[in-house]
Every structure is written in C-alpha cells, then in structure tokens.
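Residue-level listing of the chains:
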Amino acid sequence: MPSFDIVSEFDRHEAANAVDQANREVGSRFDFKGVDASYTLEGESVALEAEVDFQLKQMLDVLRARLIARGIDARCMEEKDPVLSGVKARQEVALKQGLDAAQTKDIVKRIKASKLKVQAQIQGEKVRVTGKKRDDLQSVMALLRGEEGPDLPLQFDNFRD
C-alpha cells in the first residue's frame, strides 16, 4: 500500500551555511560598516549580536532571507525577545524541528476531517499516512500545504508506492 511520512525538520548543514552567508552579508553591508554585529550558530539556535535593537531587526531579515534561499522554511524560526544591555543588544532565534504531540494530533484530525480514504498514524515525531490510491495521498499533501493546513513547516518524506 502506498504511504508517506509527514515530518518537520531542516538540514543543519544548510542552516550553518545560511548563518555563514548572513555573517558575510552583514560584514559587507554599508549600513553595518564599523558596527560589531555577528551571528553565532549554537546547536539549534542562532545568537544575533549587535550594538542597538534596530540593527537586530535588520539582521533578522537578513537571516530569514538566507535561510529561505537555502531551502529552510522561515516558519521554523522562533524569535525570542531581544536582551538590551548598555553596549550590546542580543537576541536568540531558535530553529524548531520535530512535531510535538499536539501538532501530530492536529494533523491527524485534519486528515480525518477531510473524509479521504486514508489512514494516519502517529509515530513519534512524525505522522505516517497510508492509502490504497496514490491520488488520495497526493490530496492529503495538497490539503496540508493549502490554506486549511497547519501553520507549520512540513515536509513529506519516505513516499512509497
């Protein structure tokens, strides 16, 4: 029977490349000349450091653009509040991956509400969808990508025919 998995993950190597590109771009931009601004990748979070908070907003836009260019969905970014001290401004951006229990239950509920002839099973941090027809599985993918789908960065892996 055809099946596929619904997951939410990103490529860590591409995230590291995006952070490196963002560092280079901030270093070469005219509005950041003479400013001590940098990005640091620490596990699954990125630390932004600049002199004032409006520069953090600009750096956030640069990081978002670099992540999107590298194929990482911007919805995986969870921005924390900036911490402003006398000379420095810091902000953490967590890169979320994996589906928690509430999100997987919501995805299964949306699939069942669509009345398609498929079965959805929660398997840890992913949801496996099986059905008799390939067209039904593609309808589930379209449903989750569309307006009615959850506001999560979802990928569809392990498609078996």
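Refer to the structure presented above.
Description of the structure in this document. Since the model is a prediction, treat every value here as computed from it, not as a measurement.

**Thoughts on the overall build of the protein chain**
Phase 1 of the analysis: The number of helices and strands found in the protein chain is four helices and nine strands.
Phase 2 of the analysis: Here the protein chain has a C-alpha radius of gyration of 19 Å; the compact-globule value for 161 residues is 15 Å, and the former is much larger.
Phase 3 of the analysis: Based on the C-alpha atoms only, the size of the protein chain along its principal axes is roughly 60 × 25 × 25 Å.
Phase 4 of the analysis: Long-range pairs, those at least 24 residues apart, make up 59% of the contacts in the protein chain with a sequence separation of at least 6.
Phase 5 of the analysis: Entry remark: accessible area of the protein chain is about 9300 Å², with carbon and sulfur atoms responsible for 48%.

**Here we look at the pattern of salt bridges**
Phase 1 of the analysis: Taken as a whole and assessed by the stated rule, the structure comprises 17 salt bridges.
Phase 2 of the analysis: With its nearest N and O atoms 3.6 Å apart, the salt bridge here joins Glu 92 to Arg 90.
Phase 3 of the analysis: With a relative accessible area of 27%, Glu 92 lands in the partly exposed category.
Phase 4 of the analysis: For Arg 90, a relative accessible area of 34% corresponds to the partly exposed category.
Phase 5 of the analysis: Within the structure, one salt-bridge network assembled from shared partners comprises Asp 36, Glu 49, Lys 88, Arg 90 and Glu 92.

Analysis parameters
Residues numbered from 1 in each chain as written. Predicted model: local features only at pLDDT ≥ 70, side-chain atom pairs only at ≥ 80, totals over all residues. Heavy atoms only, no water. Helix = DSSP H or I, 4+ residues; strand = E, 2+ residues; numbered from the N terminus. Rg over C-alpha atoms; globule rule 2.2 N^0.38 Å. Contact = heavy atoms within 4.5 Å. Areas by Shrake-Rupley, 256 points an atom, 1.4 Å probe, with all protein chains shown as cover. Salt bridge = Lys/Arg side-chain N within 4 Å of Asp/Glu carboxyl O. Buried < 20%, exposed > 50% of the residue type's maximum accessible area, 1.4 Å probe, protein only.

Geometric values such as these leave the question of function open.
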